[in-house]
Amino acid sequence: MGEPGAGQEHVVVIGAGIAGLLTAAALARDGRTVTVLDRDDLPDAPVPRPGVPQGRQPHLLLHRGLLAIEELLPGFGAELLAAGAVPVDTGELAWLGTGGWAPPSHQPHVLLATRPLIEHVARRRVQALPGVRAVGGQRVTGLRRDGASRWLVDAVTAGWSDAPPPPPPPSPGRSDAVPPSSTGGAASPPWPADLVVDASGRASRLPTWLAALGRAEAPVEEVDAHLGYATVRVRLPAEHVVAPGVVVLPQRGRGGGIAVPAEGGRWTVSGTGAGEQRPPRDLPGLRDFLAALRDDSLVRLLAAGEVEGDVATHRQTANRRHRYDRVTGWPDGLLVVGDALCAFDPVYGQGMTVAALEALALRRADGAGRLGRPGVAARAVRTCVRLGELPWQMATSADRVLAGLPTSRAPVSVLAGRWIAEVDRMSTHGDVEAQLALSRLYQLAATPTSLLRPRLVARWLRARVRGLGPPVRRPPVLRDELPVVARGPVGGAR
Ligand SMILES: Cc1cc2nc3c(=O)[nH]c(=O)nc-3n(C[C@H](O)[C@H](O)[C@H](O)COP(=O)(O)OP(=O)(O)OC[C@H]3O[C@@H](n4cnc5c(N)ncnc54)[C@H](O)[C@@H]3O)c2cc1C
């Protein structure tokens with residue numbers, strides 16, 4: 001694709017991660033060119049890349065996120081499936097929460113795949129949209145006004161990746177004024193833009209850029225449970241496993257873990273833990289860590305397969321949100337999405353889904369191309385902050401408990417916490433309706449008030465009178481746990 005033609009509106013999206021790609025899809029329209037810049041050289045294959053250090057960690061796309069991406073990129077799910085993603089009924093996962101095992105149920109399917117594959121399929125689809133291009137090897141270093149309503153996005157080449165970057169594309173429409181680079185790499189001509197979207201993830205430099213534009217600092221909220229991941233890829237023959245995946249949630253003072261399949265007959269097996277409970281970085285240590293969990297499924301899964309490669313660790317997991325909604329005089333034509341706006345502790349699997357919902361919200365705010373108009377970007381930023389509110393509350397309240405941080409003493413929060421614990425207790429004693437209600441909330445498909453439905457309250461009252469059923473039994477995970485008669489043909493489900 002060439003440079004934007006005369007009279008074409010130009011949108012520059014900083015960052016070709018999930019949030020940047022989905023935003024590009026949301027904003028693509030006739031009369032507009034969208035350029036997505038990334039500091040990495042963008043690979044043609046689904047492989048991890050340095051700019052997304054979380055790329056080797058497990059990534060679950062919630063059903064709500066899948067639906068939102070389908071709206072932006074119709075047929076995305078089918079393409080991911082064709083590329084090897086594994087469809088899974090999340091109600092069939094072996095799920096050990098803080099109170100016990102979740103009862104088996106039927107819930108919407110999700111597709112399990114590695115993060116590089118999810119991103120690869122999304123990037124291929126987005127680049128095929130008319131007027132959209134993704135340009136790698138461009139590390140954005142600053143943002144300036146060019147007159148009253150346009151932007152200049154400063155970038156350097158070769159600032160990040162080890163591989164030599166491609167030469168910048170020919171750019172008749174671009175200014176020749178090259179600012180000096182203060183961050184290494186060769187300065188490239190700035191990218192003029194009518195709209196700029198920061199989707200550069202946790203590494204976003206937007207606070208610095210806003211300060212340079214003379215705006216007051218946005219308050220930053222942070223709740224850090226110091227959660228760490230240690231992950232290996234495991235080739236696991238399908239005939240050994242009967243559960244479609246295993247989740248052991250970390251608890252205060254105890255580690256957890258997750259094992260999920262992905263494309264190519266591989267599983268990712270991870271240990272997770274907060275603070276002192278973070279998993280070690282070496283394979284023998286990870287084995288010992290998984291063996292010491294509340295359940296031994298994960299270490300047995302690891303033993304049943306063949307480990308490929310080394311242990312990938314990740315520790316940048318704080319919940320952090322920038323309250324850009326509180327900045328007075330927010331610049332017109334500037335937007336911010338994804339982890340650059342609000343990053344969540346990833347153990348709750350919300351980041352990609354929230355990014356997809358934000359992209360949909362921007363498409364709505366854009367309407368017939370209104371996003372560049374005065375005041376519209378500020379309103380859109382406020383909408384995106386609001387969209388993150390529920391997942392933020394869920395992730396930060398759970399993390400406060402996990403890390404032993406002070407929790408809210410507001411009566412409504414205390415009561416809500418107690419009620420959620422009661423619904424969870426019903427679920428771990430076999431109440432599928434309670435399990436579905438909780439699951440819909442965690443999957444961002446319902447609001448907290450849905451837990452107050454009269455039917456659920458009536459079930460709780462009945463359980464108070466008649467007593468709870470027995471605790472849910474641990475589901476079989478490996479085939480050799482099934483009674484011999486139930487093992488059936490190889491590849492059967494639980
Ligand atoms: C360990 C871990 C596990 C996770 N698991 C899940 C999960 O199960 N489910 C889920 O939904 N989410 C999960 N997430 C969160 C998810 O990865 C992100 O929330 C989601 O991908 C949205 O991120 P993003 O696109 O905003 O940022 P990123 O994915 O970080 O992408 C940012 C992009 O910006 C580029 N960039 C950065 N700075 C610049 C610059 N100056 N110039 C140009 N380009 C730049 C980077 O190279 C990168 O490509 C997990 C995260 C972690 C850390």
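How each quantity is defined
Every residue gets a number counted from 1 within its own chain, in the order that chain's sequence is written. It should be noted that, the model being predicted, local features are given only for residues of pLDDT at least 70 and side-chain atom pairs only at 80 or more, the latter also being counted only at that level, while totals for whole chains, interfaces and linings use all residues. Where side-chain values are given, they derive from all heavy atoms of the structure, hydrogens and water being excluded. UniProt positions are given in the numbering used here, feature names are shortened, and annotations may be inferred rather than shown by experiment. Numbering of helices and strands runs from the N terminus; a helix is a DSSP stretch of H or I covering at least four residues, while a strand is a stretch of E covering at least two. In this treatment the radius of gyration is a C-alpha quantity, and the globule benchmark scales as 2.2 Å times the residue count to the 0.38 power. As used throughout, the charge tally considers Lys and Arg to be positive and Asp and Glu to be negative, leaving His and the chain termini uncounted. Here the site of a charge means NZ on Lys, CZ on Arg, CG on Asp, or CD on Glu. Put simply, a residue is near a molecule or strand once any heavy atom of it comes within 4 Å of that molecule or strand. Pairs of N or O atoms are called polar contacts if they sit within 3.5 Å, as long as, within protein, a hydrogen donor faces a hydrogen acceptor (for residues adjacent in sequence, only side-chain-to-side-chain pairs). Here the term charged refers only to Asp, Glu, Lys and Arg, the term nonpolar to Ala, Val, Leu, Ile, Met, Phe, Trp, Tyr, Cys and Pro, and the term polar to all other amino acids, Gly among them. Note on geometry: axes are C-alpha line fits, over the in-contact stretch for helices, and angles between N-to-C directions span 0 to 180 degrees. Contact definition: two residues touch when any of their heavy atoms are within 4.5 Å. Only protein chains enter the accessibility calculation, which uses a 1.4 Å probe; a residue whose area is less than 20% of its type maximum is buried, one above 50% is exposed, and one in between is partly exposed. The patches described consist of residues with a relative accessible area above 30% and no salt bridge, like charges being joined within 9 Å and nonpolar side chains (Val, Leu, Ile, Met, Phe, Trp, Tyr) within 5 Å. The accessible surface values rely on the Shrake-Rupley method and a 1.4 Å probe; as for residues, cover is taken only from the protein chains in view. By convention in these notes, a salt bridge is any Lys or Arg side-chain nitrogen within 4 Å of a carboxyl oxygen on Asp or Glu. As used throughout, domain bounds are those supplied by an automatic or database domain assignment. Summed over both partners, the accessible surface that disappears when two parts come together, traced with a 1.4 Å probe, is what is meant by buried area.

The protein chain appears in an unreviewed UniProt entry as FAD-dependent oxidoreductase from Cellulomonas dongxiuzhuiae. In UniProt, the protein chain has this text filed under Sequence similarities (unreviewed entry): "Belongs to the flavin-dependent halogenase family. Bacterial tryptophan halogenase subfamily."

Caption draft 1: Just the overall build of the protein chain, in detail. Check the secondary structure of the protein chain and you find 13 helices and 19 strands. Whereas a compact globule of 494 residues would reach a radius of gyration of roughly 23 Å, the protein chain reaches 24 Å, a difference of no more than 12%. Dimensions of the protein chain, computed from C-alpha atoms along their principal axes, come out at roughly 75 × 50 × 40 Å. Within the protein chain, one finds 57 positive and 47 negative side-chain charges whose respective centroids are separated by 6 Å.

Caption draft 2: Representation of the site of the ligand within the structure. Residues in contact with the ligand amount to 33 residues; listed here are only the nearest, D38, L60, R115, D339 and M352. Separating an oxygen atom of the ligand from a side-chain N or O atom of R49 is a distance of 2.8 Å. Of all the secondary-structure elements, those providing two or more residues to the shell around the ligand are helix 1 (18-27), strand 7 (138-146) and helix 8 (351-366). Grouping the amino acids of the shell around the ligand by side-chain chemistry returns 12 nonpolar, 15 polar and six charged.

Caption draft 3: Examining the packing of helix 9 (residues 376-387) against helix 10 (residues 389-403) more closely. Two elements in contact, helix 9 and helix 10, have axes whose closest approach is 4 Å; the angle formed by their N-to-C orientations is 40 degrees. When helix 9 is examined against helix 10, the residues V385, R386 and L387 are found in contact with a partner set consisting of E389, L390 and P391. Residues belonging to the contact of helix 9 with helix 10 are distributed by class as follows: four nonpolar, no polar and two charged.

Caption draft 4: Highlighting helix 12 (residues 432-442). Within helix 12, burial applies to E433, A434, Q435, A437, L438, S439 and L441. Phi turns positive, to about 60 degrees, at L444, one or two residues after helix 12.

Caption draft 5: Examining a positive patch on the surface more closely. On the surface, a cluster of positive charge is contributed by R370, R373, R379, R382 and R386. Considering the arrangement of structural elements, one finds R373 in the loop between helix 8 and helix 9. A relative accessible area of 48% places R373 in the partly exposed class.

Caption draft 6: Broad picture of the UniProt feature "domain: FAD dependent oxidoreductase" (unreviewed entry) in the protein chain. The feature "domain: FAD dependent oxidoreductase" (unreviewed entry), as annotated in UniProt, sits at residues 10-43 in this numbering. Helix and strand shares over residues 10-43 are 29% and 32% respectively, and the end C-alpha atoms of the span are 24 Å apart.

Caption draft 7: Structural detail: the domain arrangement of the protein chain. According to the domain assignment, the protein chain consists of domain 1 (9-59 + 119-222 + 318-391) and domain 2 (88-109 + 225-314). Summarising the inter-unit geometry, the C-alpha centres of domain 1 and domain 2 are found 32 Å apart. Residue-level contacts link eight residues of domain 1 with 12 residues of domain 2. For the pair domain 1 and domain 2, the summed buried surface comes to about 950 Å²; carbon and sulfur atoms form 60% of the total. If you sort the residues of domain 1 by the area they bury against domain 2, R56, Q57 and P58 come out on top, with a joint share of 58%. Here domain 1 and domain 2 share one salt bridge between them.

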